[in-house]
Amino acid sequence: DPRIDNVNHGTGVAAFAALGNKHIVVPIQKEIEADAKLLSIKISDQNSTTQIIESEVIRLIRKANSEYGVKIFTLNITYKDSKEINSPISQYAYLLDTLSYELDILIFISVGNISSNEFYPSTGITPLRYPNQFNRDNIFITVPSDSFNNISVGSSADNFELFDNENNHCKDPLFPASYTRRFYHDYSHSYFQSRNKNLNYNRVNKQLVKPDCIYPGGNYDNQLGMDSTGLTIMSNNVNNAFFKQVGTSYSTPLLANLAAKILRTYPRLSSQSIKALLLNSATKPKLKKIYNTISFPEHFLFGKGTIGSDFPLFSNKKQITMILEDEILPKQIQTYKIKLPDYLIGVSRNIAILKVTATLAFNFKPVFVNHLAYCPIDISFGFFRNLDLDNINGQKTEGFKFRESWSQDYYYKNKMLSNSQKLVFNISKDNLISEDKTIKLVIKSQLHKLLRLDLTRDYDKHNKFSIAITIKDQTTSDYSLYDEMIAINELTAITELEAEIELEN
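Keep in mind it's a predicted model, so treat the numbers as computed, not measured. (Residues numbered from 1 in each chain as written. Predicted model: local features only at pLDDT ≥ 70, side-chain atom pairs only at ≥ 80, totals over all residues. Heavy atoms only, no water.)

1. Thoughts on the overall build of the protein chain
1) Next: For the protein chain, the count of helices and strands is eleven helices and 14 strands.
2) Next: Looking at the protein chain as a whole, 53% of its 505 residues qualify as buried.
3) Next: When contacts within the protein chain are restricted to residue pairs at least 6 apart in sequence, long-range pairs at least 24 apart make up 81% of them.
4) Next: Per element, the accessible surface of the protein chain, about 23600 Å² overall, is 48% carbon and sulfur. (Helix = DSSP H or I, 4+ residues; strand = E, 2+ residues; numbered from the N terminus. Buried < 20%, exposed > 50% of the residue type's maximum accessible area, 1.4 Å probe, protein only. Contact = heavy atoms within 4.5 Å. Areas by Shrake-Rupley, 256 points an atom, 1.4 Å probe, with all protein chains shown as cover.)

2. Points about the nonpolar core
1) Next: Grouped together as the largest cluster of nonpolar side chains are 77 residues, with contacts concentrated most on Phe383, Leu441, Ile469 and Ile471.
2) Next: Contact partners of Ile469, with chain neighbours within four places excluded, come to Asn280, Ile320, Thr321, Met322, Ile338, Val356, Thr357, Ala358, Phe383 and Leu441.
3) Next: Of all hydrophobic cores here, the second largest spans 31 residues; its members include Tyr250, Ala256, Ala276 and Ala361. (Core = buried A, V, L, I, M, F, W, Y, C linked by side-chain atoms within 4.5 Å.)

3. Looking at the sheet that holds strand 7 (residues 319–328)
Strand pairing in a sheet is mediated by backbone hydrogen bonds. Such pairs are either parallel or antiparallel.
1) Next: Read across the sheet, four strands follow the order 7-13-9-11 without closing on themselves; strand pairing throughout is antiparallel. With one partner strand each, in any of the chains shown, strand 7 and strand 11 (420–427) form the two edges of the open sheet. Across the sheet, the mean angle from the axis of one strand to that of its neighbour is 15°, orientation sign disregarded.
2) Next: As paired strands, strand 9 (residues 354–361) and strand 11 are joined by eight bridges and run antiparallel to one another. Its bridge partner being in strand 11, Ala358 is matched across the sheet by Leu423.
3) Next: Running at roughly 35° to strand 7, helix 11 (residues 481–488) makes contact with strand 7, strand 9 and strand 13 (463–473) of the sheet. (Pairing = 2+ DSSP bridges. Axes fitted to C-alpha atoms, helices over the stretch in contact; angles between N-to-C directions.)

4. So, helix 4 (residues 91–103)
1) Next: Taking 1.5 Å per residue as the helical rise, helix 4 with its 13 residues ought to reach 18 Å, and the 18 Å between its terminal C-alpha atoms agrees with that figure.
2) Next: Among the residues making up helix 4, those that are buried are Tyr92, Ala93, Leu96, Asp97, Thr98, Leu99 and Ser100. (Expected span 1.5 Å × (residues − 1).)

5. Here we look at the environment of Asn431
1) Next: Residue placement: Asn431 occurs in helix 9 (residues 429–434).
2) Next: Along the backbone, Asn431 and Asn350 are 81 residues apart, and their C-alpha atoms lie at a distance of 9.7 Å.
3) Next: A distance of 2.9 Å separates a polar side-chain atom of Asn431 from the backbone nitrogen of Ser428. (Polar contact = N/O pair within 3.5 Å; in protein donor to acceptor, adjacent residues only side chain to side chain.)

6. Things to note about the side chain of Gln334
1) Next: Positionally, Gln334 belongs in strand 8 (residues 332–339).
2) Next: Polar side-chain contacts of Gln334 include one of 2.8 Å to the side chain of Tyr336.

7. Considering the packing of aromatic side chains
1) Next: Under the definition given, this model contains 19 aromatic pairs.
2) Next: Measuring from ring centre to ring centre gives 6.1 Å for Phe381 and Phe383, while their planes differ by 85°; the resulting arrangement is edge-to-face. Accessibility classification places Phe381 together with Phe383 in one group, the buried group.
3) Next: With a centroid separation of 5.2 Å and an interplanar angle of 55°, the aromatic rings of Phe383 and Phe425 are classed as tilted. Of this pair, Phe383 sits in strand 10 (residues 377–384) while Phe425 sits in strand 11, placing them 42 residues apart in sequence. (Phe/Tyr/Trp six-rings, centres within 6.5 Å; stacked < 30°, edge-to-face > 60°.)

8. Observations concerning the sheet that holds strand 1 (residues 72–75)
1) Next: Across the sheet, which stays open at both edges, the four strands sit in the order 1-2-3-4 with parallel pairing between neighbours. Edge strands, defined here as strands with exactly one partner in the open sheet, are strand 1 and strand 4 (213–216). Recorded for the sheet is a direction-independent mean angle of 35° between the axes of neighbouring strands.
2) Next: Examined bridge by bridge, strand 3 (residues 151–156) and strand 4 share four bridges and lie parallel to one another. Looking across to strand 4, one finds that Gly154 is bridged to Ile214.
3) Next: Contacts from helix 6 (residues 248–265) reach strand 1, strand 2 (106–110), strand 3 and strand 4 within the one sheet, and its direction differs from that of strand 3 by about 120°.

Right, here's the structure in full:
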């Protein structure tokens, strides 16, 4: 019965999905307006011994989409064991990726929790010093959070309440929580090694990481457990309406609530546009020296970063966010001009007058039989100087790149590709003057070089993509960046193709 919560878990998950953190940050009222309608899809009534029937989960998701039009899902039950180092994509993740591609839906998936026994022993035993528990080999993400087309969610230590207890296991609310899990790739493993020393580095795709991001899930207190620093969660007990708990399974519906707000405000957006908007708002936590003890890249814990609970649904005077939805053929390159306002030339500041954050996301039909070519399409982007497109062809970027090079530089064939990429850079006044206040967004595409020939016809077609671009005015000017950008850019027609040429093989 979906109305009965014997584990006292689904009630809290549902409340977070519908209400976000409203019942935490505002005084309790008789009525709280929900951000979304809920459809209960209950697949378990037990705590840890359930056998998950993957095909049934897929059937229920498909039914919810076809009969009720549901586009956003949360999946908070994962397998207990962590993924093995450098293991292939799981069958469960493959099924969910295929479903998201077919239906244009977005599933928010918990990465699972590290057992508190791993870092928080019994009373009288000194806890394992944070963040050293992440160096263990059984703390990788769990299936099916290795999914590509959906959003895998880890936890930060925030609980939306006061955070001044020095006894907390994690002392910064923006840091990865003690119990969250990390990416399962290990670039020091023999799989990545070669006689060619450069090959190890070039096989690494820094854009490929899970979780995609982290979101508040509560913290542990070394003396009181989670009784003071856990999330305030709605209970199934009418006599005790709230209790304290932590977990990535609560971060997941909280983040899905933000997606519901986006979809409610902009109902025509694709699922990948919602994904791009969310990840584009994420910021990397500035980890302290205590993280010098970890044996892996720090972004393996937080992905694209942590997303603020004050996620802006609208642009404002000093900041504009744009969405580009388009499609591209393999072996093609497309450009889009972005004009910047005249008033920026007259500001007193010279460096970093604008901050640009851009995130690309796209759905793809996965290739389960080929681990390296699981994502069979390279769609990547970059921001370049205001030059003719002929100068950008061939991927030789020196001399015309604006800041960073391509978001995903694919040359070596033995490399996994990512369908979620992000770039962040600043623009100086000298940049504006030299480029006549214009930069070019460039999108390129090609098929994976290890894709079987008999499968290429399935992907040699127009493939859709979304990119979220946020431009922030970092000056003290009284001008409205938003109004000026609207006036000089034909934003309603920004998806029109300006040029197309073939990439060199």
